[in-house]
Structure formats: C-alpha cells, structure tokens
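# Structure at a glance
Residues per chain are reported as follows:
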Amino acid sequence: MSCNYDSDWWHVHQSVQAMRQGGVIAYPTEAVWGLGCDPFNQEAVSHLLSIKRRPMHKGLVLIAGNISQIEFLLEDLTPEEFSKVTANWPGPFTWILPDKKNLIPKWIKGKYSSVAIRVSDHLPVKNLTNSFGSFIVSTSANPASYHPARDILKVKTYFGSDLDYVLPGKLGDLSNPTQIRDLKSDRIVRA
C-alpha cells in the first residue's frame, strides 16, 4: 500500500478491517462520496442497499484500484474490446462488461447478466482497494432520490451510525459521477 502519511494508512486499515468484518464504509471517489463493502458478502451488500434504499434489481457498480484486480472479467473480451476498455483505465470511466462465467454475485448484478466496473486512478480508491486486495462496491453515498454527498458532514447526516467507517480524504476533480458505458452496445447508460 502506498499511502502518503501514517494517518492515511491507519484510516485505510480501519476501512479494510470494517469491510472484512462485513461492514459498510464511505469513501471519497472521483466526484462524490461513495458507499462500499465486500461485494462477495451478501449480508454487507444487503445492508448497503437497505441504508441507501436501493432495490437489488438495479445492480451496483464495482471499483478497482488496478486492472489486475478485474483481469478475470477481461479474459473473454475480443482484442478490440480489451483495447477499448483498457484505453480508459485507470480513469473515471465505468464500463458494463459481460460476466460470461457468472463470477460476480447476483446481488451485485441485480437483474442483469453483465457487471458495471471501473478501475480508478483516484488515490484514496487505489489505496483502499489495493489494501483490501480486491475490488469493492461503489455506489454514491446518498439515500435514493437524494443528492450524492460531496462532503463528510453530508455522509454522516445521511447515514450516521449505519456506517462502520468513513475513510477521510478528498474528492477528485470531477463535477459529476463517472460516465457508464455498455461495452456490447456502446450505449452511454449514464453521462
């Protein structure tokens, strides 16, 4: 892990421990605060969906700190598709990729057979996912129909004691959440 300060390391460590114990955390992303947890822990994902008031069928985005964490999802892509996706990573681009081997749980994909994933170059995300050793859930830190949180105070106002940890840090420079594009149709799902 390559955090700049001991306090950064301590906060990342606390966040990772919370997720490993089935907790839900908040953390800064490229544009807004995000909620995260271990995507393979169904109880943690259910708790995240409950506090966000988001139905499972809508699916969730996953976020990684480096391409190696999601290589298994890239194995079935054509060379052209692989080049197209990795040309934007790491960076603020979320791609909807096929999950032909069904390796991502249904509670992440919702009603879909594909999965939305981003490989971020935002340092707090990189430190968090690299320390966790894998990608994590990434959804905006707000209850459904509310504006995404852009500061820690709003995160705490929205969720209070429902969160197991809040990773302090700065948001990236984006003014809006990342674009989501479907690889197969090339359709922009979220601009």
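Use the structure listed above.
Residues numbered from 1 in each chain as written. Predicted model: local features only at pLDDT ≥ 70, side-chain atom pairs only at ≥ 80, totals over all residues. Heavy atoms only, no water.

### Describing helix α7 (residues 152-159)
Val155, Tyr158 and Phe159 are the residues of α7 that are buried. Down the axis of α7, the buried set is contained in an arc of 75°. They therefore lie on one face. Exposed side of α7, more than 90 degrees from the buried face: Leu153 and Thr157 are the residues found there. Buried residues belonging to α7 abut β1 (25-28), β2 (33-36), α2 (42-52) and β7 (165-166). Taking the backbone nitrogen of Leu153 as reference, a side-chain oxygen 3.2 Å away marks Asp151 as the first, capping residue of α7. Phi for Gly160, located one or two positions after α7, is positive at around 45°. (Buried < 20%, exposed > 50% of the residue type's maximum accessible area, 1.4 Å probe, protein only. Helix = DSSP H or I, 4+ residues; strand = E, 2+ residues; numbered from the N terminus. Arc of directions from axis to C-beta. Contact = heavy atoms within 4.5 Å. Polar contact = N/O pair within 3.5 Å; in protein donor to acceptor, adjacent residues only side chain to side chain.)

### As for the sheet that holds strand β9 (residues 188-190)
Overall, mixed pairing links the nine strands, which are arranged β7-β1-β2-β6-β3-β5-β4-β8-β9 in an open sheet. A strand with exactly one partner marks an edge of an open sheet, and here the two such strands are β7 and β9. Where strand β8 (residues 179-182) and β9 come together, two bridges link them in antiparallel fashion. By the bridge assignment for β9, Arg181 is matched with Ile188. In the packing of helix α6 (residues 123-132) onto the sheet, the strands contacted are β1, β3 (61-64) and β6 (136-140), and the crossing angle to β1 comes to about 135°. (Pairing = 2+ DSSP bridges. Axes fitted to C-alpha atoms, helices over the stretch in contact; angles between N-to-C directions.)

### Observations concerning unusual backbone geometry
With an omega dihedral of -10°, the bond running from Trp89 to Pro90 counts as a cis peptide bond. Unusually for a residue other than glycine, Asn102 sits at a positive phi of about 55°. Examined against the element boundaries, Asn102 turns out to sit in the loop between β4 (93-98) and α5 (106-109). We note that Ser145 has phi near 75°; this positive angle belongs to a residue other than glycine. Summarising the element assignment, Ser145 is placed in the loop between β6 and α7.

### Examining α6
Of all the residues in α6, the buried ones are Pro124, Val125, Asn127, Leu128, Thr129 and Phe132. Of the residues one or two after α6, Gly133 is the one with positive phi, at around 90°.

### Quick look at the pattern of salt bridges
All chains considered together, the criterion is met by seven salt bridges. The closest approach of N and O atoms between Arg118 and Glu30, which form a salt bridge, is 3.0 Å. Highlighted residues: Arg118 in strand β5 (residues 114-119) and Glu30 in the loop between β1 and β2, separated in sequence by 88 residues. Under the relative-accessibility criterion, Arg118 is labelled buried at 4%. A salt bridge links Glu81 to Lys184; the nearest nitrogen and oxygen atoms lie 2.7 Å apart. Highlighted residues: Glu81 in helix α4 (residues 79-86) and Lys184 in the loop between β8 and β9, separated in sequence by 103 residues. Through salt bridges with shared partners, a single network forms among Glu75, Asp76 and Lys101. (Salt bridge = Lys/Arg side-chain N within 4 Å of Asp/Glu carboxyl O.)

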